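Structural features, examined
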Amino acid sequence: MPLRARQRCHAALTGLAVLTFSLALAGPAAADAPVDGARAADTWNEVGSDRADPLTESQGLASVEVPAGSPNRYTGIGTIPLGLSTRGWNHVGDPDASYDGHYVEPYQRDDGNTKMFRVQAPDGSWSEYVHTLSPGEALNNSWSALSPDGQWMLAGEWGTMNRLLVFPTPGVNPATSPSVNLPQAATVRLDHAVRDVQGCDFLDATTLLCSSDDPEGTLFGITKPLLRIDLSAAPDGTADVSGHVTALRQLPLRSACSGDFEAEGIDYDRRTGTLRVIVVSPGFCVLTDSKTYRFTRS
């Protein structure tokens, strides 16, 4: 998210986290947007939800396959290690994990010309990979998505964009090292603009599912859309690929409070075929009824 919006979110969460209260507000619940014929071609049906903790589960999530039985991972303000925040890395985005158990968290700071990816290897050790911004690249580091082969990582910027960024996966691709700059390898060129993408995950080698926090609804006719991006080829870092963007549905916007929701991270678990997306509730209800929604495909 942009710095100004992120500061508002952090300030609200910090203040609300120390309050205990009985919710007295009762705002109208937002209904799911109808799905037209084009979007219905790939239908994701809501099958349940879990409360999302505003401090530790409000930014992103990832399912981890290795070691077997690993719990799902989440990110939020409260998951940022003190040692990182004191060095300026004060925002963590939507993480992802490779099928062999490498876990990658994207970090950003308020100034400078770098972004950082923090990697936990299957043996539990952590390392940091810093990327110096390419010309014209935004400072925001909203999410990471690892290709099924594990070798390539996609990442995204905030705002209205016509591209996604491709990097060698830090800690997995042999071309990477914590001691050198993590270079941008290629670009995904989108055929339709997207706005405020908060997370993406690979459905398969050439298909992405993404959560958009778009508050305007002018790009696809709905706010907060679930997006599908079909790639012309699996990213391999040697050349740009194109991406065809489709809006599938509006994400659930339901709360006891009225106001502005925030769509956050996304995760697809291939083992169960379950898609999960975090939606943070407005106002005081950020504490009580923010949700991680679960979907299955039909």
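**Some words on the overall build of the protein**
Within the protein, the secondary structure is distributed over 2 helices and 19 strands. When burial is assessed residue by residue, the protein has 54% of its 298 residues classed as buried. Residue pairs at least 24 apart in sequence account for 57% of intrachain contacts in the protein once pairs closer than 6 positions are excluded. Of the accessible surface of the protein, which amounts to about 11800 Å², a share of 54% is contributed by carbon and sulfur atoms.

**What about the confidence of the model for the protein?**
Averaged over every residue, the pLDDT of the protein is 90; residues scoring 70 or more account for 86%. Counted against residues more than four places away or in other chains, residues 14–40, with its pLDDT under 50, gives 45 contacts.

**Focus: the sheet that holds strand β11 (residues 160–168)**
Two pairing modes exist for strands in a sheet, parallel and antiparallel, and in both the strands are linked by backbone hydrogen bonds. With respect to topology, 8 strands assemble into an open sheet ordered β9-β10-β11-β12-β16-β15-β14-β13, the strand pairing being mixed. Each of the sheet's edge strands pairs with one partner strand only, and the pair in question is β9 (144–146) and β13 (197–204). Sheet twist, expressed as the mean angle between neighbouring strand axes with direction ignored, is 25 degrees. In the sheet, β11 pairs with strand β12 (residues 186–195) via 6 bridges, with the strands oriented antiparallel. Residue threonine 160 lies in a different strand from β12, and its bridge partner there is arginine 195.

**Considerations on the sheet that holds strand β19 (residues 291–297)**
In spatial order, the strands read β1-β19-β18-β17; together these 4 strands make up an open sheet with antiparallel pairing. Each of the sheet's edge strands pairs with one partner strand only, and the pair in question is β1 (44–51) and β17 (262–269). Strand after strand, the sheet turns through a mean of 25 degrees between neighbouring axes, direction not considered. Alignment of strand β18 (residues 274–280) against β19, held across 5 bridges, turns out to be antiparallel. Considered in β19, the bridge of valine 279 is made with lysine 291.

**Concerning the pairing of strand β14 (residues 207–212)**
Successive side chains on a regular strand alternate, one facing one side of the sheet and the next facing the other. Across the 6 residues that make up β14, a large majority, 6, are buried. Residue alternation in β14 divides its side chains into two sets, Thr207, Leu209 and Ser211 and Leu208, Cys210 and Ser212, and both sets are buried. With 6 bridges connecting them, β13 and β14 associate as antiparallel partners. If you follow glycine 199 over to β14, its bridge partner there is serine 211. Between β13 and β14, which follow one another and run antiparallel, lie 2 residues. Of the strand pairs in this sheet, β14 and strand β15 (residues 225–231) are connected by 5 bridges, and their pairing is antiparallel. Residue leucine 209 lies in a different strand from β15, and its bridge partner there is arginine 228.

**Here's the deal with the pairing of β12**
For β12, the tally of buried residues reaches 7 of 10 residues, placing the bulk of the element in the interior. Pairing of β12 with strand β16 (residues 241–250) involves 3 bridges; the strand directions are parallel. Bridged to arginine 189 within β16 is serine 242.

**A closer look at the packing of aromatic side chains**
Under the defined criterion, the tally for this structure stands at 3 aromatic pairs. Taking 6.0 Å as the distance between ring centres and 85 degrees as the angle between the ring planes, the aromatic pair formed by tryptophan 44 and tyrosine 268 counts as edge-to-face. Of this pair, tryptophan 44 sits in strand β1 while tyrosine 268 sits in strand β17; the two residues are 224 residues apart in sequence, bridging distant segments of the chain. Across the pair, exposure class does not vary: tryptophan 44 and tyrosine 268 are buried alike. Taking NZ or CZ as reference, arginine 270 lies 3.5 Å from the ring centre of tyrosine 99, over its face.

**What to know about the state of the cysteines**
Enumeration according to the criterion identifies 2 disulfides in this entry. Each disulfide pairs two cysteine sulfurs, and for cysteine 200 the partner residue is cysteine 210, the sulfurs being separated by 2.0 Å. Across the disulfide from cysteine 200 to cysteine 210, rotation about the S-S bond amounts to roughly 110 degrees, and the bridge is consequently right-handed. In this pair, cysteine 200 is assigned in strand β13 and cysteine 210 in strand β14, connecting sequence segments 10 residues apart. Of the two residues, cysteine 200 and cysteine 210, both sit in the buried class. For cysteine 257, the disulfide goes to cysteine 285, at an S-S distance of 2.1 Å. Given an S-S torsion of about 70 degrees, the disulfide between cysteine 257 and cysteine 285 has right-handed geometry.

Calculation rules
- Residues numbered from 1 in each chain as written.
- Predicted model: local features only at pLDDT ≥ 70, side-chain atom pairs only at ≥ 80, totals over all residues.
- Heavy atoms only, no water.
- Helix = DSSP H or I, 4+ residues; strand = E, 2+ residues; numbered from the N terminus.
- Buried < 20%, exposed > 50% of the residue type's maximum accessible area, 1.4 Å probe, protein only.
- Contact = heavy atoms within 4.5 Å.
- Areas by Shrake-Rupley, 256 points an atom, 1.4 Å probe, with all protein chains shown as cover.
- pLDDT = per-residue confidence, 0-100.
- Pairing = 2+ DSSP bridges.
- Axes fitted to C-alpha atoms, helices over the stretch in contact; angles between N-to-C directions.
- Phe/Tyr/Trp six-rings, centres within 6.5 Å; stacked < 30°, edge-to-face > 60°.
- Lys NZ or Arg CZ within 6 Å of the ring centre and 35° of its normal.
- Disulfide = S-S within 2.5 Å.

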